[in-house]
Amino acid sequence: MLYMHTVSALLALSCVLTETEAWGYKNGILHNSIWLEQAAGVYHRESRKGRYQLTYKEAKAVCKFEGGSLATYDQLEAARQIGFHVCAAGWFDKGRVGYPIVKSGTNCGYGKVGIIDYGYRLNKSEKWDVYCYNPNSKECGGVHTEQEKILQSPGFPDEYPDEQICYWHIRVRYGQRIHLQFLDFDVEDDVGSISDYPEIYDSYDDISGFAGRYCGDELPEDFLSTGNVMTLKFLADSSVSAGGFRIQYTAIDSSLPTDSDTSTYT
Ligand SMILES: *[C@@H]1O[C@H](CO)[C@@H](O)[C@H](O)[C@H]1NC(C)=O
Ligand SMILES: [Ca+2]
């Protein structure tokens, strides 16, 4: 058992992409997760350094940084029951490690459904991802599967608060594409958009498919995804806010070729 986990951890490590610029470095931990899904207040985080990079102590600090705590087994199970499915082992309460599986598959969870439980780890220096619980987490980000929706910066129409990290993962039906239209836009402006910015990724995470980063007060152009998933990420640093944004997405049925016409939208 342990051997298999070590092998999978090593495999995961070997495909970690080169680290992009660090940000949010606090208490020795990088707080920018690669991706996040949330259900019932539970969400998964991994280190910016990649999968399986957090000791138990670091895992606790990641959750605390955002005002939450490590999820308990029951919280993880409650989230799982409403569809929270993540194929990555993470720390949860009391030094236990596991992950929630909703749908059995051969690549993940040994074909089982439920919390795949590695048990209470004796060695708290082992490195895994983490499952946090924060029912009062700010209203930003999340997983959206509706056919259309308006996403907005935290607090809109008021200015967004400092130090925001939001990930909106959009997933519509297979075969559909996602059309994004900016309705309002005002984000702290600087050269290179390094302070505050939304970013669009033409994929379900923020590792691949980077399609644009925006700041200032000019409405960015519409964007059309290649496939049926997209990620919108928003970061705000610790000073200077602005009016924020509203973005509408709409699922469109499309029989267009999916590889030829996206560049005109980016
Ligand atoms: C605990 O885990 C860490 C990280 O995997 C490892 O380097 C260390 O040797 C382990 N300690 C013991 C006592 O097994
Ligand atoms: Ca700012």
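What counts and how
Within each chain, residues carry numbers counting from 1 in the order of the written sequence. Whichever chain is written first is A, and whichever ligand is written first is 1; the rest continue in order. Per-residue local features are limited, in this predicted model, to residues with pLDDT of at least 70; the limit for side-chain atom pairs, both in listing and counting, is 80 or more; totals at the level of whole chains, interfaces and linings are taken over all residues. Whether two strands pair depends on DSSP finding at least two bridges between them. Strands are runs of DSSP state E lasting at least two residues, helices are runs of H or I lasting at least four, and both sets are numbered from the N terminus onward. Partly exposed residues are those whose C-beta has more than 12 but fewer than 20 other C-beta atoms within 10 Å; with 20 or more the residue is buried, with 12 or fewer it is exposed, and the C-beta atoms are placed from the backbone. Picture the helix axis, draw a direction to every C-beta atom, and the arc is the one those directions span. To get an axis, fit a line to the C-alpha atoms, keeping to the stretch in contact for a helix; angles then go from 0 to 180 degrees between the N-to-C directions. Confidence of the predictor at the level of single residues is captured by pLDDT, which takes values from 0 to 100. Any two residues are considered in contact once their C-beta atoms, placed from the backbone, lie within 7 Å.

S.K.: When you look at the sheet that holds strand E16 (residues 223–224) in this model, what are you seeing that I'm missing?
M.R.: The four strands lie next to each other as E11-E18-E13-E16, forming an open sheet whose pairing is antiparallel. Of all strands in the sheet, those bounded by a partner on one side alone are strand E11 (148–152) and E16. In the sheet, strand E13 (residues 176–186) pairs with strand E18 (residues 244–253) via 10 bridges, with the strands oriented antiparallel. Residue pairing for E18: Ile178 is matched across the bridge by Ala251.

S.K.: Can you walk me through helix H2 (residues 56–65) in this structure?
M.R.: Residues spaced three or four apart along an α-helix point in a common direction, a consequence of the helix completing one turn every 3.6 residues. Of all the positions in H2, only Tyr56, Ala59, Lys60, Val62 and Cys63 are classed as buried. The buried residues of H2 occupy one face: seen down the axis, they fall within an arc of 155°. Remark: Gly67 follows H2 within two positions and exhibits a positive phi of approximately 85°.

S.K.: Mind showing me how you'd approach the sheet that holds strand E12 (residues 164–171) here?
M.R.: Paired through their backbone hydrogen bonds, the strands of a sheet run either parallel or antiparallel. Pairing is mixed across the open sheet formed by five strands, whose spatial order is E10-E12-E17-E14-E15. The open sheet is flanked by strand E10 (142–144) and strand E15 (210–213), the only strands paired with a single partner. Pairs of neighbouring strands in the sheet enclose a mean axial angle of 15°, with direction left out of account. Pairing of strand E14 (residues 197–201) with strand E17 (residues 229–236), which is carried by five bridges, proceeds in the antiparallel orientation. If you follow Glu199 over to E17, its bridge partner there is Lys233.

S.K.: Sorry if this is basic, but what is going on with the confidence of the model for the chain here?
M.R.: The predicted model of the chain averages 79 in pLDDT, with 78% of residues at 70 or higher. In the predicted structure, residues 1–37 sits below a pLDDT of 50 and forms 51 contacts with residues beyond four places in sequence or in another chain. pLDDT under 50 marks residues 260–266. Its contacts with residues more than four places away, or in other chains, come to 10 contacts.

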